[in-house]
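Architecture and fold: a report
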Amino acid sequence: MVSTSETGTAPGRPYRGSLPGERRDLRREKLLDAAVDIFGTSGYRSASIDRICSTAGLTKRYFYESFDSSEDLLTAVYRRATTTMLGAIVTPSIDNSATSEEVLKAALSNFFQAIADDPRSARIVLLEVLGVSAEVDALYRQTTSLFVDAVLGVAESVGTARGLAGPNRRTLAIGLVGAVLMMTQQWLLAPDSEPLEGIIAGAHTILGAVAFGRLD
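These remarks concern the structure in this document. (Residues numbered from 1 in each chain as written. Predicted model: local features only at pLDDT ≥ 70, side-chain atom pairs only at ≥ 80, totals over all residues. Heavy atoms only, no water.)

A look at the overall build of the chain
Helix and strand counts for the chain come out as nine helices and zero strands. Counting from the amino terminus, the chain carries its helices and strands in the arrangement α-α-α-α-α-α-α-α-α. For the chain, the proportion of its 216 residues judged to be buried stands at 40%. The contacts of the chain with a sequence gap of at least 6 include a subset with a gap of at least 24, amounting to 63%. Looking at the chain as shown, the accessible area adds up to about 11,600 Å², and 53% of this sits on carbon and sulfur atoms. (Helix = DSSP H or I, 4+ residues; strand = E, 2+ residues; numbered from the N terminus. Buried < 20%, exposed > 50% of the residue type's maximum accessible area, 1.4 Å probe, protein only. Contact = heavy atoms within 4.5 Å. Areas by Shrake-Rupley, 256 points an atom, 1.4 Å probe, with all protein chains shown as cover.)

Take a look at the structure:
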């Protein structure tokens, strides 16, 4: 006899127009969104799986369908958020005739706009993942390295970033990424302290001074 799911639908068959894999993916996204809401406001350490499931409108059975633990969920949220941030840096939306300064400013503007559009995810990326576990710390370092790669990629794309073309280019890029992430972190903690445009201008000055040897 063919077994049925709790919905009365045979496994593998569509239910209300969706296949089982699609429904599982949808449940996973609901859990991710609930985690962003909770981790990004009240914090990861004060969250519980029960609360996340309640916010997502799902039972714990469906939590463990996609995640092994709350830390597993945290890393999934972190990866999703950093992918968005990295994409904003790597693909600034300007035409091919743009100057190096315009490329740099577009990359910074897109990055900070991604932060402003989703400050809860940004809080998770910059604050909530710190000191959770050795495994999460390792993921944080790996992801920071990807941000360094992105900065160096932008420098290579403009071709005139001589300050990031020498033998110590990666060390300089690490310093630049650290400075920008610290500026972002402080703005997240006190967003009313300075307009976002001021933060972008400050980051542009720091990166421009190292990459192009100028202050503006």
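Resuming the write-up.
With respect to the packing of aromatic side chains
In total, this model carries five aromatic pairs according to the counting rule given. Ring geometry for Phe39 and Tyr44: centres 5.1 Å apart, planes at 80°, overall edge-to-face. When the centroid spacing of 5.2 Å and the interplanar angle of 75° are considered together, the rings of Phe111 and Phe112 count as edge-to-face. Here Phe111 matches Phe112 in class, with each residue buried. Site record: aromatic cluster; members linked through ring pairs are Phe63, Tyr64 and Phe67. (Phe/Tyr/Trp six-rings, centres within 6.5 Å; stacked < 30°, edge-to-face > 60°.)

Things to note about the packing of helix H5 (residues 100-117) against helix H7 (residues 134-158)
Put simply, H5 and H7 touch, their axes get as near as 9 Å, and they point 155° apart. Put simply, H5 runs roughly antiparallel to H7. Along this stretch, H5 crosses H7, giving a crossing that reads as right-handed. Mapping the contact onto sequence places Ser100, Val103, Ala107 and Phe111 in H5 and Phe147, Val154, Ser157 and Val158 in H7. Of the residues belonging to the contact of H5 with H7, the class tally is six nonpolar, two polar and no charged. (Axes fitted to C-alpha atoms, helices over the stretch in contact; angles between N-to-C directions. Parallel < 35°, antiparallel > 145°, perpendicular 65-115°, else oblique. Left-handed = near helix turned anticlockwise from the far one by under 90°. Nonpolar A, V, L, I, M, F, W, Y, C, P; charged D, E, K, R; others polar.)

A look at the pattern of salt bridges
In total, this model carries seven salt bridges according to the counting rule given. Glu128 is paired through a salt bridge with Arg123; the nearest N and O atoms lie 3.2 Å apart. A relative accessible area of 27% places Arg123 in the partly exposed class. For Asp149, the salt bridge is made with Arg170, and the minimal N-O distance between the two is 2.8 Å. With Asp149 in helix H7 and Arg170 in helix H8 (residues 169-189), this pair connects stretches of sequence that are 21 residues apart. Owing to a relative accessible area of 37%, Asp149 belongs among the partly exposed residues under this scheme. Arg170 gets classed as partly exposed once you look at its relative accessible area, which sits at 33%. (Salt bridge = Lys/Arg side-chain N within 4 Å of Asp/Glu carboxyl O.)

Here's the deal with the side chain of Gln185
Take Gln185: it is sitting in helix H8. Its relative accessible area of 15% is what places Gln185 among the buried residues. A distance of 3.4 Å separates the side chain of Gln185 from the side chain of Gln186, its partner in a polar contact. Ignoring sequence-local partners within four residues, the contact set of Gln185 consists of Leu126, Leu127 and Leu130. (Polar contact = N/O pair within 3.5 Å; in protein donor to acceptor, adjacent residues only side chain to side chain.)

Overview of the nonpolar core
Grouped burial of nonpolar side chains is what soluble globular proteins tend to show. Ranked by internal contacts, the top residues of the largest apolar core, which has 65 residues, are Leu31, Phe39, Leu73, Phe111, Phe112 and Leu164. It is H7 that provides the largest number of residues to this core, a total of 10 residues. Residues contacting Phe39, with those up to four places away along its chain left out, are Tyr44, Ala47, Ile52, Ser70, Leu73, Leu74, Arg123, Ile124 and Glu128. (Core = buried A, V, L, I, M, F, W, Y, C linked by side-chain atoms within 4.5 Å.)

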